[in-house]
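This is what each chain is made of:
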Amino acid sequence: MRLPSVIDAVLADECEGAMAGRILVVDDVATNRIVMKVKLAAACYAVDQAENGAEALRAARETKPDLILLDIMMPDMSGVDVCRALKADPNTVNIPVVLITALSDHDAKMDGLEAGADDFLTKPVEEVTLLARVRSLLRARDTVREWEDGADTVAAFGFAEQATGFNARVAPGKIALVAPGPRGAILWKAAIDDRLGGDVRIIPREAALSDASSDTGEATDVFVISVDLAQRNEGLRLLSDLRSRAGTRHAATVMILPEGDTERAAIALDLGASDVLHDPFDAKELAIRISAQLDRKRQSDRMRAGVRAGLEAAVTDPLTGLHNRRYAIPQLERMLTRPGPGPAVMMLDLDHFKGINDTHGHLAGDEILKQVSQRLREQLRRGDLLARIGGEEFLIALSPINHVDALDCAERLCRSVGEKPFKIGAGTKPVSVTASVGLAHPSKDSDFVTPEILIHEADMALYRAKSHGRNQVSMVSETAA
């Protein structure tokens, strides 16, 4: 049995069921591929191999690896050209690429980064550095895939909004520089000001933490942080803080380390740094890396916003902008778990609404529903629930509240609909509409109350209000399980 086969068998046994990702290793020297495969397979990565650029492009399209480690010097085409082709193909554009070379060629490094490579490693590659970079890039790739899957699910239900191109920036990037002293920060700023547009600020560590707590919408897109600030490793602690806080969790971070400090570079990547760079560095390289992080941040932001908008559409009534039944029932369930008085639940139904649609048309009916929704909103508190759950039927939940205040609110809602006619168009006489309300409110001693029980009780009360003449409130003061 050949040696590589023995190695493959042993590693496959050790990593059975625990593969962390599929990596394509591209190198024209078989020994280099085998050494790389041993290192990666020992960390339980599945490894494919290609020996030239054409084979790499074909494998990337067919197998869709999670990451590509790509040698620069190959006989048929350079690794930079392969990277450029991968980034130009919609099927492979999102696969992370790390270029590897035996040459300390500055121009080749810049060409590779500008072609879209995520990093550039020099042979012999230290195992700690390699595996840290692989972990970091695979985490980022997994995040993109999660958002892509979410977007696909949203689109399958017809809620996705049309996407804009990822390269179409709506505003310049916001970049914050956190350096150990003013001189270093000024040098950093000078290095990138001429190469990047946008807002480049020099800020102290405390201001970065303030950004993490800010809700002004002026969030930083990319932080560039020295690993050592006033104290050794203070930049790493700042990185951990930024990654743990909602205001800066999704910001990109480039960590600046002393030359040769590979151990802390690996720690920074494992703590969540988006990229690392060793000082002294080339100004152009810093600008390229920041620009790449801005692009990825914008892509990630758009994906999150698209999924969030799609999910919001899934629980929103498109006519009135109120929440729908899909949202209302789980929300009512959460309200029931809160301490204190249980929620008061109302079912509100517009009286004789079919006659309005038959007489004035469905467009007029839709306009009345919009105005009714607005009037109901104006009578409710910030934490109250208002949802349209049927054609002209609304669910309202108030919590916490007592019986007297719940009844008072129900009567206000009823009056808000009936006391003033609704305008349905120029030249058309306003239309009067009334509403009936059924109210259910569990006592503090109720042992078992569910949203379904409360809604059923409120429905029964609504039927009584209808049968007693409409345009009134009927209340169930006690809900029994």
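As a starting point, this report considers the structure included with it. (Residues numbered from 1 in each chain as written. Predicted model: local features only at pLDDT ≥ 70, side-chain atom pairs only at ≥ 80, totals over all residues. Heavy atoms only, no water.)

**Some details on the packing of helix α5 (residues 106-114) against helix α11 (residues 283-314)**
Two packed helices can be described by the angle between their axes and the distance between those axes.
Item 1. At a minimum axis separation of 10 Å, α5 and α11 run at an interaxial angle of 15 degrees. The angle between α5 and α11 falls in the class roughly parallel. At the point where α5 passes α11, the crossing takes the left-handed sense. Between α5 and α11, the residues in contact are Lys109, Met110, Leu113 and Glu114 and Lys284, Glu285, Ile288 and Arg289, respectively.
Item 2. In terms of residue class, the contact of α5 with α11 is built from three nonpolar, no polar and five charged. (Axes fitted to C-alpha atoms, helices over the stretch in contact; angles between N-to-C directions. Helix = DSSP H or I, 4+ residues; strand = E, 2+ residues; numbered from the N terminus. Parallel < 35°, antiparallel > 145°, perpendicular 65-115°, else oblique. Left-handed = near helix turned anticlockwise from the far one by under 90°. Contact = heavy atoms within 4.5 Å. Nonpolar A, V, L, I, M, F, W, Y, C, P; charged D, E, K, R; others polar.)

**Remarks on the nonpolar core**
Item 1. In terms of nonpolar packing, the biggest core is built from 31 residues, with Met346, Leu348, Leu350, Ile368, Phe394 and Ile396 touching the most fellow members.
Item 2. Elements represented by at least two residues in this core include exactly β11 (344-350), α13 (353-360), α14 (362-378), β13 (393-398), α15 (403-418) and β14 (435-440).
Item 3. Here this core takes six residues from α15, the largest share from any one element.
Item 4. Core analysis: the second largest hydrophobic core is formed by 23 residues, Ile203, Leu238, Ala266 and Ala268 among them. (Core = buried A, V, L, I, M, F, W, Y, C linked by side-chain atoms within 4.5 Å. Buried < 20%, exposed > 50% of the residue type's maximum accessible area, 1.4 Å probe, protein only.)

**Remarks on the environment of Leu380**
Item 1. By the element assignment, Leu380 lies in the loop between α14 and β12 (385-388).
Item 2. Under the relative-accessibility criterion, Leu380 is labelled buried at 15%.
Item 3. With 16 residues separating them along the chain, Leu380 and Ile396 place their C-alpha atoms 9.0 Å apart.
Item 4. Among residues more than four places away in sequence, those in contact with Leu380 are Leu386, Ile396, Leu398, Cys409 and Leu413.

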